[in-house]
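Letter by letter, the chains look like this.
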Amino acid sequence: MAREDQREGRGGRDRRRRDEEPESELVDKLVHINRVAKTVKGGRNFQFAALAVVGDQKGRVGFGQGKAREVPEAIRKATEEAKKTMVRIPLREGRTLHHDANGRWGAGKVTLRAAPPGTGIIAGGPMRAVLESLGVQDVVAKSVGSSNPYNMIRATFDALKGQNSPRTVASKRGLKVADIVNRRNDGASAPEAVDSQS
């Protein structure tokens, strides 16, 4: 009886922790699903491997992999792992990247470029899923090399993790944010923001 009470108490704590994080605003996208086989003595065991991306469209994004005998269970596992591995990426004006970035993972190479308002997301396949979940509205992306979705997503995250906001750069260099922002000439800032700086 005491053990059951302890179990309920533990479950209650976990449930509370899950309720604290608002999951309703998280967007999850299934990027890839693949049937995989393991050869054993009696034949082959088939499973499904899923790759999913989860983001809040406000600067947080994560990806996860799941494997199970049934497709829905594999997707659930991938989504749960993606929620656990979410990282925060600084965005410029809440719509694009602060600067251009290159990422690499294995043979997958990606280039992400900041873009002016109205450009939209110019990216293909797995990269588009990551950028949409992140909340980027204007970006130009190019993938070279491996088209394996696992490598492309990891390369995209490698590029995104290198993003620095002017505030962090200014604090590292001991300068003011205005000094860093005034040096920009990449054309990705909104016209009003450029006029107000000059």
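Here's what I pulled together on the structure shown here. (Residues numbered from 1 in each chain as written. Predicted model: local features only at pLDDT ≥ 70, side-chain atom pairs only at ≥ 80, totals over all residues. Heavy atoms only, no water.)

Strand order in this open sheet of 4 strands is S1-S2-S3-S4, and the pairing throughout is antiparallel. Every other strand in the sheet has two partners, leaving strand S1 (27-40) and strand S4 (87-88) as the edge strands with one partner each. Packed onto the sheet, helix H2 (residues 71-84) meets S1, strand S2 (43-55) and strand S3 (60-68) and runs at close to 145° relative to S3. Packing against the sheet, helix H3 (residues 125-134) makes contact with S1, S2 and S3, and its axis sits at approximately 140° to S1. (Pairing = 2+ DSSP bridges. Helix = DSSP H or I, 4+ residues; strand = E, 2+ residues; numbered from the N terminus. Contact = heavy atoms within 4.5 Å. Axes fitted to C-alpha atoms, helices over the stretch in contact; angles between N-to-C directions.)

Evaluation of the coordinates by the stated rule reveals 1 aromatic pair. Both rings, one in Phe 63 and one in Phe 157, keep their centres 5.0 Å apart while their planes meet at 50°; by these two values the pair is tilted. Here Phe 63 is found in strand S3, whereas its partner Phe 157 is found in helix H4 (residues 149-161), with 94 residues between them in sequence. When its relative accessible area of 4% is taken as the criterion, Phe 157 is described as buried. Cation over ring: Arg 35 sits above Phe 46, and NZ or CZ is 4.2 Å from the ring centre. (Phe/Tyr/Trp six-rings, centres within 6.5 Å; stacked < 30°, edge-to-face > 60°. Buried < 20%, exposed > 50% of the residue type's maximum accessible area, 1.4 Å probe, protein only. Lys NZ or Arg CZ within 6 Å of the ring centre and 35° of its normal.)

Attention now moves to the nonpolar core. Leu 97, Leu 112, Leu 131 and Leu 160 are the most contacted members of the largest nonpolar core, which totals 28 residues. Those elements giving two or more residues to this core turn out to be S2, S3, strand S6 (108-114), H3, strand S8 (139-145) and H4. Residues from two domains meet in this core; each of domain 1 (27-88) and domain 2 (101-184) gives at least three. What Leu 112 contacts, discounting residues up to four positions off in sequence, is Leu 97, Asp 100, Ala 101, Met 127, Leu 131, Val 140, Ala 141, Thr 156, Ala 159 and Leu 160. (Core = buried A, V, L, I, M, F, W, Y, C linked by side-chain atoms within 4.5 Å. Domains from an automatic or database assignment.)

With that settled, the discussion passes to the environment of Val 31. Turning to its location among the elements, Val 31 is positioned in strand S1. With 99 residues separating them along the chain, Val 31 and Val 130 place their C-alpha atoms 9.1 Å apart.

Right, let's get into the environment of Ala 37. Considering the arrangement of structural elements, one finds Ala 37 in strand S1. If sequence neighbours within four positions are ignored, Ala 37 has contacts with Arg 44, Asn 45 and Phe 46.

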